[in-house]
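Here is how the chains run, residue by residue.
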Amino acid sequence: MTTPGRLVTALAVLLVAALSVPPIVVLVVQACLGREAQTVTPARLVELLGNTLLLALLVVVASSVIGTATALLTQRTTLPGRRVWAVLVAVPLVLPAYVFAVALSGMIGGGGVVTSWLAPFGVDRLPPATGLWAATACLTIVSVPIVHTLVATALARLDPALDESARLLGDRPARVILRVVLPQLRGTLALAACVVSLYVISDFGAVSMLRYDTFTRAIYAQFRGRVDLAPAFALCAVLVLVAAALIVGQIVLRGRELAVAARARPPRPVALGPAGRLAGTVFLGLVVLGSTVLPVATLVTWTVRGLVNGAQPGPVIAEAVNALLFAFLAALVTTAIAIPVALAARRRGALARAIEGVPWVTHSLPHLAIGLAILVLAIAGPAFLYQSVTTLTLAYAVVFLPLAVGAILVALRQIDPRLLEVSRSLGHSSASTAVRVVAPLTRRAVLAGAALVFFAAVHELPVTLLLRPTGSETLAIRVWGAVVEGQYTTASIAALLLVALSVPLLALHERASLRAAVAA
């Protein structure tokens, strides 16, 4: 390894150790100190664990079935407009769950939009959007695009030879999917289940708005208004153990990945008859209706209704500016840190794998727990760090660093090593090669990683709620606080602004997907 390479690796180790290790250490230490906390009874602990795992199970099952079905319809059939349907199904991917919780709360119940639509048919009231069923519906909406994206990507990589062999042996398309395609997707489905489960157990905004008791809601209740944080960290320890168990379970379930063709030819899509096309279109239409059309229509309706009746929207513009400012700083700082980390992680060896893997630990853990750990560090540090923009920006870097590193790493690993060798053979130093060759080839990936961090920071609720500077509210906090206070007009306006800010991320995602498809 050259001297510049050693310097980059040393810098990456220092950055990862300074960002990712302290919150983990605080969680471990505080969990040990708080293990004797008696504010939560064993019965209550079992109840919270049961509620959290039940919600995760229901969301995983529902999103896996729906997401796999949408991926198969848009990737392996002749359904008309399947590319358009794929984009529409992916729309909720760029929106946080609490936005859909706002829409669901304003959709049904007394005075709900759907309730008013059903009034001519004698339905004057629907059950309020609270409890297990509401949390399951809300989180399933957000999770379906995750499963859809992972399964669709895996389907594009599968060699179609096995499918064709099964068809030649007389198997019908449905039997081919069950016996050939789905077994090859075992690893992908296990990964999707793990990602969805981690998302569900770490969600705070949606379950709080929908009044369903999970660990995150109980942790915030233990933290709020208390000087002693031991009970909150005791619950965090249980939640972290659940997350670790899910990650290990996913690794075991995935097993050995099945081999795929490096350049698999496109599979022959299943020809659908008139009945199949109708059924597929109706199914995808219902998915898009429930996940995009109705929620957005509800937010718009509540906004217009409230403004017409003279409701005050609140300082949402100032909060949007705060959200954009914090997100911009997060993207700038996180991307600057991600560049040396990605350069060091692209090398082979255990150290490179650790440099890449450790930030994923903090990213995978519930953000509420990470936020509490960073809060403890800020309290113990210099006074100017407590509730400061600096602490909030660094906290965003802690939880979102893998997003930027992952995007840059993909571009770095696609660079032909011969280009670097030619540059060095022409007398250019490593630094000159990095500027002349590496930087132009990775510029788009760096910008994509920064965009991912930017929008993740705009949507982030628990870390912002715990660490924001005093008086600096954001759209995420406005949505959460307005729903808690029953101010649905304000919540709807703030949620619509979040939707508008999220559209560029969806466009970026689709553009990257199109380029990947062309390159393949």
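Residues numbered from 1 in each chain as written. Predicted model: local features only at pLDDT ≥ 70, side-chain atom pairs only at ≥ 80, totals over all residues. Heavy atoms only, no water.

Counting secondary structure elements, the chain contains 22 helices and zero strands. A burial count over the chain gives 48% of its 520 residues as buried. Relative to all contacts within the chain whose residues are 6 or more apart in sequence, the contacts with residues 24 or more apart total 82%. For the chain, the exposed area adds up to about 24400 Å²; of that, 69% sits on carbon and sulfur atoms. (Helix = DSSP H or I, 4+ residues; strand = E, 2+ residues; numbered from the N terminus. Buried < 20%, exposed > 50% of the residue type's maximum accessible area, 1.4 Å probe, protein only. Contact = heavy atoms within 4.5 Å. Areas by Shrake-Rupley, 256 points an atom, 1.4 Å probe, with all protein chains shown as cover.)

Glancing now at the environment of alanine 279. Looking at the secondary structure, you find alanine 279 in helix α13 (residues 274-308). When the C-alpha positions of alanine 279 and leucine 79 are compared, they lie 9.9 Å apart, and in sequence the two are 200 residues distant.

Before going further, it helps to examine the packing of aromatic side chains. In the structure shown here, the tally under the stated rule is five aromatic pairs. For the pair phenylalanine 204 and tryptophan 480, a centre-to-centre distance of 5.8 Å together with 35° between the ring planes defines the contact as tilted. Taken together, the residues span a long stretch of sequence, with phenylalanine 204 in the loop between α9 (186-202) and α10 (205-209) and tryptophan 480 in helix α21 (residues 475-484) at a distance of 276 residues. Plain terms: the ring middles of tyrosine 220 and tryptophan 480 are 5.7 Å apart, the flat faces sit at 85° to each other, and that makes the pair edge-to-face. Taken together, the residues tyrosine 220 in helix α11 (residues 215-223) and tryptophan 480 in helix α21 connect sequence positions 260 residues apart. Comparing tyrosine 220 with tryptophan 480 shows no difference in burial state: the two are buried. Through a chain of ring-to-ring contacts, three or more aromatic side chains come together here, namely Phe204, Tyr220 and Trp480. Above the face of the tryptophan 302 ring, arginine 305 is positioned so that its terminal group lies 5.0 Å from the ring centre. (Phe/Tyr/Trp six-rings, centres within 6.5 Å; stacked < 30°, edge-to-face > 60°. Lys NZ or Arg CZ within 6 Å of the ring centre and 35° of its normal.)

Before going further, it helps to spend a moment on the packing of helix α4 (residues 97-107) against α13. In the contact formed by α4 and α13, the axes pass within 9 Å of each other and the chain directions differ by 70°. The angle between α4 and α13 falls in the class roughly perpendicular. Viewed along their axes, α4 and α13 form a crossing whose handedness is left-handed. Contacts between α4 and α13 pair Val99, Phe100, Val102, Ala103, Gly106 and Met107 from the former with Ser291, Leu294, Pro295, Thr298, Leu299 and Trp302 from the latter. Tallied by class, residues from the contact of α4 with α13 come to nine nonpolar, three polar and no charged. (Axes fitted to C-alpha atoms, helices over the stretch in contact; angles between N-to-C directions. Parallel < 35°, antiparallel > 145°, perpendicular 65-115°, else oblique. Left-handed = near helix turned anticlockwise from the far one by under 90°. Nonpolar A, V, L, I, M, F, W, Y, C, P; charged D, E, K, R; others polar.)

Now for helix α16 (residues 367-380). Here α16 contains 14 residues, and its C-alpha end-to-end distance of 20 Å stays within 8% of the 20 Å for a straight helix at 1.5 Å per residue. Counting buried residues along α16, 11 of its 14 residues qualify, which places the element largely inside the surrounding structure. When we look at burial in α16, the residues that qualify are His367, Leu368, Ala369, Ile370, Gly371, Leu372, Ala373, Ile374, Leu375, Val376 and Ala378. (Expected span 1.5 Å × (residues − 1).)

Let us now look at helix α14 (residues 316-345). In a regular helix each residue adds 1.5 Å, so 30 residues correspond to 44 Å; α14 covers 41 Å between its end C-alpha atoms and thus fits that length. Of all bends in α14, the biggest is about 25°, found at alanine 338, and the proline proline 340 comes one to four residues later. (Bend = angle between axes of the 7 residues up to and from the residue.)

Attention now moves to unusual backbone geometry. Positive phi is not limited to glycine here, since arginine 211 has a value of about 55°. Within the element layout of this structure, arginine 211 appears in the loop between α10 and α11. With a phi close to 50°, glutamine 387 is a non-glycine residue in the positive phi region. In this structure, glutamine 387 sits in the loop between α16 and α17 (389-413).

Two numbers describe how helix α2 (residues 42-75) lies on α13: the axes approach to 11 Å, and their chain directions differ by 130°. Classified by the angle their axes make, α2 and α13 are oblique. Along this stretch, α2 crosses α13, giving a crossing that reads as left-handed. On α13, the residues that touch Ile66, Ala69, Thr70, Leu73 and Thr74 of α2 are Gly280, Phe283, Leu284 and Val287. Each residue belonging to the contact of α2 with α13 can be placed in one class, and the counts come to six nonpolar, three polar and no charged.

Attention shifts here to the side chain of arginine 468. By the secondary structure assignment, arginine 468 is in the loop between α20 (462-467) and α21. The class for arginine 468 is buried, based on a relative accessible area of 19%. A polar side-chain atom of arginine 468 sits 2.6 Å from the main-chain carbonyl oxygen of leucine 465. When neighbours within four sequence positions are excluded, arginine 468 is seen to be in contact with Gln387, Leu392, Val463, Glu473 and Ile477. (Polar contact = N/O pair within 3.5 Å; in protein donor to acceptor, adjacent residues only side chain to side chain.)

Below, the discussion takes up the pattern of salt bridges. In total, this model carries five salt bridges according to the counting rule given. Linking aspartate 213 and arginine 217 is a salt bridge whose minimum nitrogen-to-oxygen distance equals 3.0 Å. What makes arginine 217 partly exposed here is its relative accessible area of 24%. A salt bridge links arginine 478 to glutamate 319; the shortest N-O distance between them is 2.6 Å. With arginine 478 in helix α21 and glutamate 319 in helix α14, this pair connects stretches of sequence that are 159 residues apart. (Salt bridge = Lys/Arg side-chain N within 4 Å of Asp/Glu carboxyl O.)

Turning our eyes to something else, we now look at the environment of alanine 97. With respect to the helices and strands, the residue alanine 97 is situated in helix α4. Each C-alpha atom of the pair alanine 97 and isoleucine 141 lies 8.1 Å from the other, and the pair is 44 residues apart in sequence. The contacts of alanine 97, once residues within four sequence positions are left out, are Cys138, Leu139, Val142, Tyr199, Asp203 and Ala206.

Residue position: glycine 285 is located in helix α13. The spatial distance from the C-alpha of glycine 285 to the C-alpha of leucine 88 is 9.5 Å, given a sequence separation of 197 residues.

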